[in-house]
Amino acid sequence: MQKLVTIDQTDDLQLTNDDKIRIGIAWDALSPNSRRAYQLAWRQLNEFLSAKG
């Protein structure tokens, strides 16, 4: 059985346990290259938004 991706609890998103399971399943279905691309895009967006305040 594959290990689902862990999603940290945040106050902003208010994800349910079912949401976390669905996200983990979708993440596990991605190829390693897709995962890296999404992680890079997320990091870049986060850095951009953080710089904007």
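Above this text sits the structure in question.
Owing to the predicted nature of the structure, the values given are computational and were not obtained by experimental measurement. (Residues numbered from 1 in each chain as written. Predicted model: local features only at pLDDT ≥ 70, side-chain atom pairs only at ≥ 80, totals over all residues. Heavy atoms only, no water.)

Participant: Before we go on, may I ask you to explain the overall build of the chain in this structure?
Facilitator: Of the regular secondary structure elements, the chain holds two helices and zero strands. In the chain, buried positions account for 6% of the 53 residues. (Helix = DSSP H or I, 4+ residues; strand = E, 2+ residues; numbered from the N terminus. Buried < 20%, exposed > 50% of the residue type's maximum accessible area, 1.4 Å probe, protein only.)

Participant: When you look at a nonpolar patch on the surface in this model, what are you seeing that I'm missing?
Facilitator: Together, Trp42, Leu45, Phe48 and Leu49 line one region of the surface with nonpolar side chains, adding up to about 470 Å² of accessible area. One can find Leu49 in helix 2 (residues 32–52). Residue classification places Leu49 among the partly exposed positions, given a relative accessible area of 47%. (Patch = residues over 30% accessible without salt bridge, like charges linked within 9 Å, V, L, I, M, F, W, Y side chains within 5 Å. Areas by Shrake-Rupley, 256 points an atom, 1.4 Å probe, with all protein chains shown as cover. Salt bridge = Lys/Arg side-chain N within 4 Å of Asp/Glu carboxyl O.)

Participant: Sorry, what's going on with helix 2 here?
Facilitator: One turn of the α-helix equals 3.6 residues, which is why residues spaced by three or four share an orientation. For helix 2, which comprises 21 residues, the first-to-last C-alpha distance of 30 Å matches the rise-based estimate of 30 Å (1.5 Å per residue) to within 8%. Looking one or two residues beyond helix 2, the residue adopting positive phi is Gly53, at roughly 85 degrees. (Expected span 1.5 Å × (residues − 1).)

Participant: Got a minute to help me understand helix 1 (residues 17–29) in this structure?
Facilitator: Taking 1.5 Å of rise per residue, 13 residues should cover 18 Å, and helix 1 covers 19 Å from first to last C-alpha, within 8% of that figure. Residues of helix 1 that are buried include every one of Lys20, Gly24 and Asp28, and no others. Around the axis of helix 1, the buried residues are gathered within 65 degrees of arc, so they sit on the same side. Along helix 1, the residues that are exposed and aim more than 90 degrees away from the buried face are Arg22 and Ala29. Summarising the contacts, the buried residues of helix 1 are in contact with helix 2. (Arc of directions from axis to C-beta. Contact = heavy atoms within 4.5 Å.)

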